[in-house]
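Structural features, examined
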Amino acid sequence: MTIDHVLTLLLVVPAFGLLPLYLYRSDPRAVKQVAVVTTLVELVLSLAMVAQFKVGEADFQLVEKAAWLPSLGIRYLVGVDGVSVLLVPMTTLLTFISVLYSSGGAIKDRIASFMAAFLILEIGMVGVFVSLDLFLFYVMFELMLVPMYLIIGIWGGTRRIYATLKFVIFTLAGSLVMLVGIVAVWLASGPEGSRTLSLPDLLLVRDRFPAEFQFWVFLAFGLAFAIKLPMFPFHTWLPDAHVEAPTAGSIILAGVLLKAGGYGFLRFALPLFPTGTQLWLPVIIVLSVIAILYGAAVSTVQKDLKKLVAYSSVAHMGFVTLGIFVLNPQGAVGAVLQMLNHGFVTGALFLFVGIQYERTHRRVIADLGGLANHWPLYTTFFGVFVLASLGLPGLNGFVGEFLVIVGTFQFGGVPLGGLFWGPLAAIGVILAAVYLLWMFGRVMYGPAREHYAMLPDLSPIEVVCALPLLLLTVALGVFPQPAIAIIQPSLDRILRLALDPTWQVAVR
Amino acid sequence: MNDIVAITPELFVLLTAGAVIVADALLSRAAARTWLPIIVTVGLLAALFAPNGLAPYPSQAALRSYGVFFGGFVQVDAFTNFFRALFIILALFGTLVAPTYLARKQVPAGEYYATLLFSSLGAMTITLATDLITLFVGLELMTIPVYVLAGIQRRDRFSNEAALKYFLLGAFSSALLVYGFAWLFGITGSTRYSDIANVLRTTGLANGQTIIALSLITVGLGFKAAVVPFHQWTPDAYDGAPTPATAFMSVAPKAAAFAAILRVLVSAMGPLAVDWSAVFAALAAITMTTGNVVALVQTNTKRMLAYSSIAHTGYILAAVAAVSAGTASGAAVLFYVFAYGLMNLGAFACLLYIDLEGTRGATLDELNGFSRREPFGALAFAVFLISLTGIPPTVGFVAKFLVIQPVLDAGYVWLAVVLALNAVLAAFYYLRVVVHMYMYDAESGAPALIPSRLLSLSLGISALAVVLLGIVPNTLYQWALGAAAPILP
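Below is a summary of the structure that appears in this document.

Structural notes on the overall build of chain A
- Along its length, chain A carries 20 helices and two strands.
- Relative to the compact-globule value of 23 Å for 508 residues, chain A shows a C-alpha radius of gyration of 22 Å, a close match.
- Across its three principal directions, the C-alpha atoms of chain A cover 75 × 60 × 45 Å.
- Counting the 508 residues in chain A, one finds 62% classified as buried.
- Relative to all contacts within chain A whose residues are 6 or more apart in sequence, the contacts with residues 24 or more apart total 78%.

Right under this line is the structure:
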């Protein structure tokens with residue numbers, strides 16, 4: 001069965017949930033049902049979208065277009081290729097889990113507004129991954145901002161207002177600079193009357209972008225993506241935002257929002273500005289390795305459980321940028337897999353930190369301990385995700401990081417070459433094992449503590465939330481080949497576009 | 001006869017103003033409060049849909065109505081119609097949000113509506129002008145009622161201060177403007193835009209006299225639009241005036257000032273564009289930065305919005321400076337002015353929910369917990385603030401996008417970057433209001449709320465328009481493009 005206009009449907013289904021949410025706003029039960037059903041429909045729809053995707057093709061599929069601002073050559077243009085097709089179901093799955101978990105009692109105040117924010121957020125997140133027009137992409141990129149701002153600011157922890165303003169100001173600073181870059185690209189795309197912001201059209205005229213122009217425009221785009229990702233040294237908003245966000249907010253923030261940065265590099269920055277990529281590549285490689293080592297080192301000394309997971313994200317996203325910018329197939333595939341894996345695993349880690357916090361009301365590692373005695377089920381799940389996060393072979397975290405490191409070893413560019421950066425990145429993996437296992441030992445093991453004895457183990461709803469993530473973690477770890485087969489062709493095309501500035505490709 | 005038909009919308013507004021004065025004299029005070037807004041609404045809607053077509057884009061009827069009338073003193077074209085429609089919409093909006101506030105503060109209703117209508121009439125006259133004399137009549141007809149509006153709350157000392165400051169500086173700027181017009185007449189021998197343009201095309205900026213004329217006119221119009229460093233009257237006037245009056249006067253006179261800037265500087269003095277555009281670019285950067293930086297430290301929402309409206313002048317001025325980009329520059333000005341009108345009037349009007357002493361607006365702390373106490377008003381306020389920040393999917397974002405585009409095209413890359421960074425500054429203080437409304441809980445001493453259905457209805461419609469125009473901006477943009485064409489072909 002094929003569904004027509006499936007990508008547009010994906011963008012409007014969450015909006016349909018808003019009206020019943022408003023009508024039943026005073027009835028928390030109905031609100032929860034509406035939100036869960038809407039995100040479930042969205043999840044099923046995204047899986048149907050993947051089923052319609054033809055594996056092995058590099059080009060965009062399921063493309064839909066319509067005029068939007070015709071006099072400016074701006075179109076509504078959506079489509080997916082191998083790079084984005086898996087990120088969409090990842091988004092819908094994590095949103096569904098967040099909504100389901102939050103409806104289990106984690107959010108008590110103003111639940112209708114909370115769910116509405118999540119549905120709008122979902123439109124933005126799916127939109128970012130399917131937009132093929134820079135204007136549309138920017139709109140979607142920013143659409144994610146306000147709901148997340150409200151989610152952190154209203155339902156967050158004690159320092160939520162500082163955290164949420166910092167998050168918004170950082171992100172907005174990056175994206176407004178990108179807006180100037182987008183307009184510059186539009187002006188450079190041709191003479192008046194034939195200007196465009198559609199990626200397929202821009203790819204045909206990208207040889208008109210001179211080197212100096214690419215240098216600055218890549219900087220404008222790269223700044224937005226680097227802040228979103230976040231890359232060292234733009235990461236300082238992340239620990240604050242993650243720590244203060246409610247559990248569902250942290251899951252989405254880590255699981256999906258950070259990916260928008262890495263995805264933006266792959267989708268727009270690399271193919272459109274090959275020369276700019278080469279000019280900025282050394283800087284990004286160095287910053288990525290710093291992020292890996294710095295993130296790991298800082299995680300090691302964290303006293304706060306949530307902050308530890310947050311800083312580990314900085315390290316993990318370092319692997320994503322490293323993998324992308326070594327510009328070879330292994331690194332790039334590793335980077336995309338790392339984005340997916342980090343979504344599932346870190347999303348799950350935040351979920352479990354949240355579950356734990358909701359019961360014990362403690363997040364400082366030193367206050368916890370001996371939880372394994374009371375919560376066997378929790379310990380099992382949490383243990384698997386911790387092992388996946390540190391890159392244990394057989395679980396998904398290993399595949400991405402391994403491929404990135406292999407790619408880094410083959411990297412021949414400046415400065416210093418892959419044989420220097422590869423081992424450094426590998427040290428990051430070892431450090432991850434140190435801080436994650438150390439944390440796990442201190443939180444879960446040790447003598448049983450009396451006052452935790454009465455706290456219940458995972459509830460059925462929490463198991464339902466965690467189980468799909470667990471299955472994906474194992475499946476992608478043991479058998480990553482189907483995912484790689486989907487990703488590879490499109491990624492090869494992006495790499496060729498990035499490496500060969502003169503290559504012309506006619507895309508849909 | 002043709003002459004009279006050409007100005008049908010203006011006549012309707014004038015008749016409505018007359019009807020308001022007569023009705024105010026005949027009706028009892030209570031009846032007047034009920035009936036006057038209805039009379040104004042009907043009159044303005046009649047003007048909006050007048051037979052001579054203010055239809056969104058040039059319909060056949062509208063095209064037929066274009067031309068030069070009254071012996072060349074008045075011109076009707078797409079530009080005129082765009083602004084006529086905008087001013088009528090703003091006057092309508094300014095009327096609908098007011099009744100509850102006027103009743104509560106014992107502001108005389110008849111005077112309020114009549115001055116508002118006369119001011120709108122003046123603003124519409126500005127866009128009709130093809131001649132410096134018509135323009136000046138329009139400018140004065142627009143601003144003098146606004147002085148009255150600012151001071152209409154006679155017993156409030158801030159309202160008095162606002163009116164006096166606005167009047168003194170406004171009169172001063174008008175004097176400068178007339179002096180500039182006089183110089184221009186002396187140089188070119190005509191007050192007609194087209195003749196002025198023809199003479200300047202041959203002479204250029206050859207002599208000191210032209211520089212004097214240009215500077216005086218720039219300063220005079222800069223006062224009206226609140227360009228830094230001619231903005232000093234703005235915060236006190238906006239802050240002290242009764243809030244519905246502030247909402248109106250923060251948008252309509254500014255829009256009219258930009259209409260005048262486009263007609264005089266861009267159209268009539270267009271041959272000098274190369275000389276003044278760099279100055280305007282610098283003024284734009286100073287204006288937006290000053291407005292935003294000062295707004296950043298305000299704790300009173302009304303004053304904060306007053307400074308932020310200065311910043312918006314800067315954004316619009318940036319598009320004016322990009323005149324060498326052609327029609328796109330004019331269209332950006334028009335689109336921004338329209339968007340600004342809707343969202344800024346709406347933002348000020350949202351303060352009307354709160355019952356405050358005197359005329360001055362709510363402090364940030366008084367807005368705490370606003371979202372729980374008045375969920376709908378808070379949502380509308382948040383939408384306007386997000387739009388003013390320039391975050392999609394709102395019309396404010398599209399407006400910023402459209403401004404950046406000619407600015408880059410004209411080669412002012414630095415100005416585009418300054419604009420983007422300014423938007424970040426603005427985000428900080430706009431979103432801080434959202435923080436107070438949504439993320440803090442109300443304290444016991446919070447001022448009472450005055451719920452008003454009419455206010456909620458008009459804010460709801462305009463907030464919806466702000467979002468819808470952000471998602472489907474094409475119609476408005478086409479209209480703006482068409483309207484900018486007569487100015488900047």
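A few points about helix α16 (residues 376-389) of chain A
Residue and element names in this part refer to chain A.
- Here α16 contains 14 residues, and its C-alpha end-to-end distance of 20 Å stays within 8% of the 20 Å for a straight helix at 1.5 Å per residue.
- Judged by how many residues are buried, α16 sits mostly within the fold: 10 of 14 residues are covered.
- Residues of α16 that are buried make contact with α14 (305-325), α15 (329-360), α17 (396-410), α18 (418-444) and α19 (460-478).
- Looking one or two residues beyond α16, the residue adopting positive phi is Gly391, at roughly 90 degrees.

Here we look at the nonpolar core
Residues and elements named next belong to chain B.
- Among the nonpolar cores identified, the biggest contains 412 residues, and Ala318, Phe335, Tyr336 and Val407 are the most heavily contacted of them.
- At 19 residues, helix α21 (residues 413-439) tops the list of elements feeding residues into this core.
- If sequence neighbours within four positions are ignored, Tyr336 has contacts with Tyr315, Ile316, Ala319, Ala399, Leu402 and Val403.

Some details on the environment of Leu459 of chain B
Residue and element names in this part refer to chain B.
- Considering the arrangement of structural elements, one finds Leu459 in helix α22 (residues 453-471).
- Taking the C-alpha atoms as reference, Leu459 lies 8.9 Å from Ala347; in sequence the two are 112 residues apart.
- Those residues in contact with Leu459 that lie beyond four places of it in its chain are Gly346, Ala349, Cys350, Gly377 and Ala380.

Section: the packing of helix α5 (residues 78-96) of chain B against helix α7 (residues 109-128) of chain B
Residues and elements named next belong to chain B.
- It is the contact of α5 with α7, at a shortest axis distance of 9 Å, that shows an interaxial angle of 170 degrees. In this view, α5 runs roughly antiparallel relative to α7, as classed from their interaxial angle. When you trace α5 past α7, the crossing you get is right-handed. Of the residues in α7, those touching α5 at Phe79, Thr80, Phe83, Arg84, Phe87, Ile88, Ala91, Gly94 and Thr95 are Tyr113, Leu116, Leu117, Ser120, Ala123, Met124, Thr127 and Leu128.
- Grouping the constituent residues of the contact of α5 with α7 by class yields 11 nonpolar, five polar and one charged.

Section: the interface of chain B and chain A
- Contacts between the two partners involve 25 residues from chain B and, on the opposite side, 26 residues from chain A.
- Among the elements of the structure, α20 (395-409), α21 and α23 (474-484) of chain B are those that each provide at least two residues to the side of chain B that touches chain A.
- Among the elements that make up the side of chain B that touches chain A, the one with the highest residue count is α21 of chain B (11 residues).
- Here the side of chain B that touches chain A is composed, by residue class, of 21 nonpolar, three polar and one charged.

Criteria and thresholds
- Residues numbered from 1 in each chain as written.
- Chains lettered and ligands numbered in written order.
- Predicted model: local features only at pLDDT ≥ 70, side-chain atom pairs only at ≥ 80, totals over all residues.
- Helix = DSSP H or I, 4+ residues; strand = E, 2+ residues; numbered from the N terminus.
- Rg over C-alpha atoms; globule rule 2.2 N^0.38 Å.
- Buried ≥ 20, exposed ≤ 12 C-beta atoms within 10 Å, placed from the backbone.
- Contact = placed C-beta atoms within 7 Å.
- Expected span 1.5 Å × (residues − 1).
- Core = buried A, V, L, I, M, F, W, Y, C linked by C-beta atoms within 7 Å.
- Axes fitted to C-alpha atoms, helices over the stretch in contact; angles between N-to-C directions.
- Parallel < 35°, antiparallel > 145°, perpendicular 65-115°, else oblique.
- Left-handed = near helix turned anticlockwise from the far one by under 90°.
- Nonpolar A, V, L, I, M, F, W, Y, C, P; charged D, E, K, R; others polar.

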